[in-house]
Amino acid sequence: MCGLAGIIKLNTNYGNLEAKIEKMQTALKHRGPDDAGIYISTDKQAALAHTRLSILDLSSAGHQPMSTSDGRYSITFNGEIYNFQELRENLIAQGEKFHSQTDTEVILKLYQRIGSDCVQHLRGMFAFAIWDDLEKTCFLARDPLGIKPLYYYQLGTTLVFASELRAVLASGLPAINMSVEGLYGYLTTGSVPEPYTLIADIHCLPAGNWLYWHNGNTTKKQYWQINFTPEAISPPEAEEIVRKALLDSIQHHFISDVPVGIFLSGGIDSTTILALATQTQQSQLSTYSIAFAESEFNEGELAEKIANHFGAKHTEYQVTSSFAKSILPDFLAAIDQPSIDGFNTFCVSKVAHDNGMKVVLSGLGGDEIFGGYQSFQKVPQMVAWGRKLNTLPFLRTGLGLGLERWGTSPKIKRLGDFLKQPPTLASAYNTFRGIFSHQEACIIINQLSISIPILPPLIPPYQGGKPESSSLPSVPFQEGKPESSPLPLARGGLGWGSTPEDEVSFLELSGYMRNQLLRDSDVMSMNWGLELRVPFVDKNLLEAVAPIPSKIRLAQGKKLLTQAITEIPDWVINRPKKGFSFPFENWMNSEFGDYFHNVHQNLNIPPNIPLNPWYRRWSLAILNHWWEQINS
């Protein structure tokens, strides 16, 4: 796990190429504290940078950027390829010779042989760039499920890319202008939906895509997509499929030349990983969790009980409100793009790092694949209700307008959003997962002096005047409707015979999980030089379980998962579901007060936009702090 960056250009002169790539590398030092390298082609067309966190082949043979022996191909790579040993053996059988024990060299040799098709053979989490110094081309790729981020910016014939947004900005080439699409997506969902970022013209390469640069032109292609096409699979067969696929994934995710720990929350997903890891690993396992003084949030005792049950060495740290306040400035500095989450991963990653860990496994992804959220029941119910009202569309839209404009709570306002639109699963999902309603987001954007493109339904700009206290910039008004919605849509990836519940699973995987959970996990763990692996978010696992009919795979309470993994104790299964959450609201009203009080006044948010619940205040305060930070 590392940081990567690069600048690819024709003969355009943007100043000192070495200085620019060094600045990008410096912005990524936290991601790779063990080593760093820079490659610059002799004709100054390509510059690649790397910062290394050594996990496989800890020797200098793993140094990056790595080049082939003839110097033609050079790679900078972030991630882990869990099947690299099998691929390596196949390549050796075909006559290849290796100079390291790294997965990096395997990708390089594979690309040298089969080009862009190499991504079809890689199992793992990855973002990488390969420069061909003979053909003068650059190939960028991102893993199928979007675990590892890859941001890029194109200025004429020049391509700039990096593992983090801040590193792209460090090149000095992009202008720092707020993206309206990214901002609208952030306000309505709580995270910035790919392919947008919060900076205009900088994009996130979508999951399961590659990008090819040649002679100043870029080509982008999607090479993988989630596909839920149900097959005739019985419950006992489904249990066998899930157990076998999870055992296989966990075994692969333990491939490392350094110790691997486990984040243990007390829930079914992390317990599953620990339970199966005890079967695949010989040595004693180490688990890490966070506890709270506030009893309603504290799962410390349960996590410790689970660790003891499976014989793991357990480390717990109690996060108090005063400790949270002391570490908050470090968290704010670690943010690459704001979201309404991330602080929990930041804290538990610090615990693992402080205890000498470099690799940890997380249960992230289990809820999305096995139906662990209320969205799997609530979203189809909303659609069914909306379709009943659809027999009287004028009543539906009129009611929606009324609720959005005059609703007294955030949920009611977002429900109004839903009723104004055709009752689709995507619109119901966006309402269920929403933060601010469409109208509220437009008002906030206008208040921040950013003219918004016409987004249906059109509302007039808020007439409250320009806020003097806002530090956010204006961008030119753009007429017309955006080319694509910044909200996740269930287009494609849903095979014949898929159900509404399958579509919710698709939306959770491609929306909430990808844009928020995975992105926060990457940035916040890498801040501490920690590699976070997610065995549930595995292409092979997903392809194995996707054909299981949704009535079995997504049965309420993650029934399939708990029946497949019989080692999970009943006292874990039968407890009420609790997310891995922090007592943010308590802290924001006390210890965090300096940061989160007076959000209405500081950003001149109209009083008719309620900032309860807490995550609304959090989202705006974090946005404002981040904007000030990148402009300082």
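Residues numbered from 1 in each chain as written. Predicted model: local features only at pLDDT ≥ 70, side-chain atom pairs only at ≥ 80, totals over all residues. Heavy atoms only, no water.

**Some words on the overall build of the protein**
Secondary structure assignment for the protein yields 25 helices and 17 strands. Burial analysis of the protein (632 residues in total) assigns 61% to the buried set. In the protein, the proportion of contacts linking residues at least 24 apart, taken out of those at least 6 apart, comes to 72%. Here the protein displays about 24,200 Å² of accessible surface, and carbon together with sulfur accounts for 50% of that area. (Helix = DSSP H or I, 4+ residues; strand = E, 2+ residues; numbered from the N terminus. Buried < 20%, exposed > 50% of the residue type's maximum accessible area, 1.4 Å probe, protein only. Contact = heavy atoms within 4.5 Å. Areas by Shrake-Rupley, 256 points an atom, 1.4 Å probe, with all protein chains shown as cover.)

**A word on the pattern of salt bridges**
Pairing is possible between side chains that carry opposite charge, provided their charged atoms lie close to one another. Tallying each qualifying case throughout the model produces 26 salt bridges. A salt bridge links Glu-80 to Arg-533; its shortest N-O distance comes to 4.0 Å. Highlighted residues: Glu-80 in strand E5 (residues 73-81) and Arg-533 in strand E17 (residues 531-533), separated in sequence by 453 residues. Taking relative accessible area as the criterion, Glu-80 reaches 3% and is therefore assigned buried. Overall, the relative accessible area of 0% leaves Arg-533 in the buried class. (Salt bridge = Lys/Arg side-chain N within 4 Å of Asp/Glu carboxyl O.)

**Describing the pairing of strand E7 (residues 137-142)**
Where burial is concerned, most of E7 is hidden: six out of the six residues are buried. Linking two consecutive strands that pair antiparallel, namely strand E6 (residues 124-132) and E7, is a turn of four residues; a positive phi of about 60 degrees is found at Lys-136 within it. Direction of pairing for E7 relative to strand E11 (residues 209-214): antiparallel, over a ladder of five bridges. Across the sheet, the residue bridging to Ala-141 is Trp-210, located in E11. (Pairing = 2+ DSSP bridges.)

**Some points on the sheet that holds strand E15 (residues 313-319)**
Remark on secondary structure: sheet strands pair via backbone hydrogen bonds, oriented parallel or antiparallel. The sheet built from five strands is open, its strands ordered E15-E14-E13-E16-E17 with parallel pairing. Bordering the open sheet on either side are E15 and E17, each of which pairs with just one other strand. Taken over all neighbouring pairs, the strand axes of this sheet differ in orientation by 30 degrees on average, direction set aside. Pairing analysis gives two bridges linking strand E13 (residues 260-263) to strand E14 (residues 286-292), with the strands arranged parallel. Across the sheet, Ile-262 pairs through a bridge with Thr-287, a residue of E14. The sheet strands contacting helix H7 (residues 268-280) are E13, E14 and strand E16 (359-361), and the helix crosses E13 at an angle near 145 degrees. (Axes fitted to C-alpha atoms, helices over the stretch in contact; angles between N-to-C directions.)

**Overview of the sheet that holds E7**
Pairing within the open sheet is antiparallel, and its six strands lie in the order E4-E5-E6-E7-E11-E12. Each edge of the open sheet is held by one strand with a lone partner, namely strand E4 (66-67) and strand E12 (217-222). One ladder, built from six bridges, connects E6 with E7; its direction is antiparallel. Each residue of the ladder has a partner; that of Phe-128, found in E7, is Ala-141. Its contacts with the sheet put helix H3 (residues 103-114) on E4, E5, E6, E7 and E11, and the angle it makes with E5 is roughly 125 degrees.

**Overview of the packing of aromatic side chains**
Counted by the stated rule, this structure contains 17 aromatic pairs. Look at Phe-346 and Trp-528: their rings are 5.2 Å apart centre to centre, the planes differ by 50 degrees, and that puts the pair in the tilted class. Here Phe-346 is found in helix H10 (residues 343-354), whereas its partner Trp-528 is found in the loop between helix H17 (500-526) and E17, with 182 residues between them in sequence. By relative accessible area, Trp-528 is classed as buried at 16%. Aromatic pair Trp-626 and Trp-627: ring centres 5.9 Å apart, planes at 50 degrees, arrangement tilted. Of the two residues examined, Trp-626 and Trp-627, each falls in the buried class. Connected via pairs of aromatic rings, a cluster forms that spans Phe-331, Phe-343, Phe-346, Trp-528, Trp-614, Tyr-615 and Trp-618. Seen from the ring of Trp-571, Lys-305 lies directly overhead, with NZ or CZ sitting 4.2 Å from the centre. (Phe/Tyr/Trp six-rings, centres within 6.5 Å; stacked < 30°, edge-to-face > 60°. Lys NZ or Arg CZ within 6 Å of the ring centre and 35° of its normal.)

**Quick word on the packing of helix H13 (residues 393-406) against helix H14 (residues 410-420)**
Axis angle and axis distance: for two packed helices, these are the angle between their axes and the distance between the axes, and together they describe the pair. With their axes 7 Å apart at the nearest point, H13 and H14 run at an angle of 155 degrees to one another. With respect to their mutual orientation, H13 and H14 come out roughly antiparallel. Note that H13 runs across H14; the crossing there is left-handed. Here Arg-396, Thr-397, Leu-399, Gly-400, Leu-401, Leu-403, Glu-404 and Arg-405 of H13 come into contact with H14, specifically with Ile-412, Lys-413, Leu-415, Gly-416, Asp-417, Leu-419 and Lys-420. The residue inventory of the contact of H13 with H14, partitioned by class, reads six nonpolar, three polar and six charged. (Parallel < 35°, antiparallel > 145°, perpendicular 65-115°, else oblique. Left-handed = near helix turned anticlockwise from the far one by under 90°. Nonpolar A, V, L, I, M, F, W, Y, C, P; charged D, E, K, R; others polar.)

**Brief notes about the nonpolar core**
Ranked by size, the top nonpolar core spans 179 residues in total, and within it Phe-128, Phe-331, Phe-343, Phe-592, Trp-618 and Trp-626 carry the most contacts. Broken down by element, this core gets its largest block of residues, 10 residues, from helix H25 (residues 614-630). Each residue touching Trp-618, except ones within four places of it in the same chain, is listed here: Phe-331, Ser-339, Ile-340, Asp-341, Phe-343, Phe-584, Met-588, Phe-592 and Phe-596. Residues Ile-8, Tyr-152, Phe-161 and Leu-211 belong to the second largest nonpolar core, which totals 17 residues. (Core = buried A, V, L, I, M, F, W, Y, C linked by side-chain atoms within 4.5 Å.)

**A short note on the environment of Ala-333**
Note that Ala-333 resides in helix H9 (residues 321-334). Through-space distance from the C-alpha of Ala-333 to that of His-625 is 9.4 Å; in sequence the pair is 292 residues apart. With residues near it in sequence (within four places) discarded, Ala-333 still touches Arg-166 and Gln-629.

**With respect to H13**
Since the α-helix turns once every 3.6 residues, residues separated by three or four places project in the same direction. A rise of 1.5 Å per residue sets the reference length of H13, with its 14 residues, at 20 Å; its end C-alpha atoms lie 20 Å apart and thus fit the reference within 8%. Among the residues of H13, those classed as buried are Arg-396, Gly-400 and Glu-404. Along H13, the residues classed as buried sweep out an arc of 55 degrees about the axis, all on the same side. The outward face of H13, more than 90 degrees from its buried face, is lined by the exposed residues Phe-394 and Trp-406. (Expected span 1.5 Å × (residues − 1). Arc of directions from axis to C-beta.)

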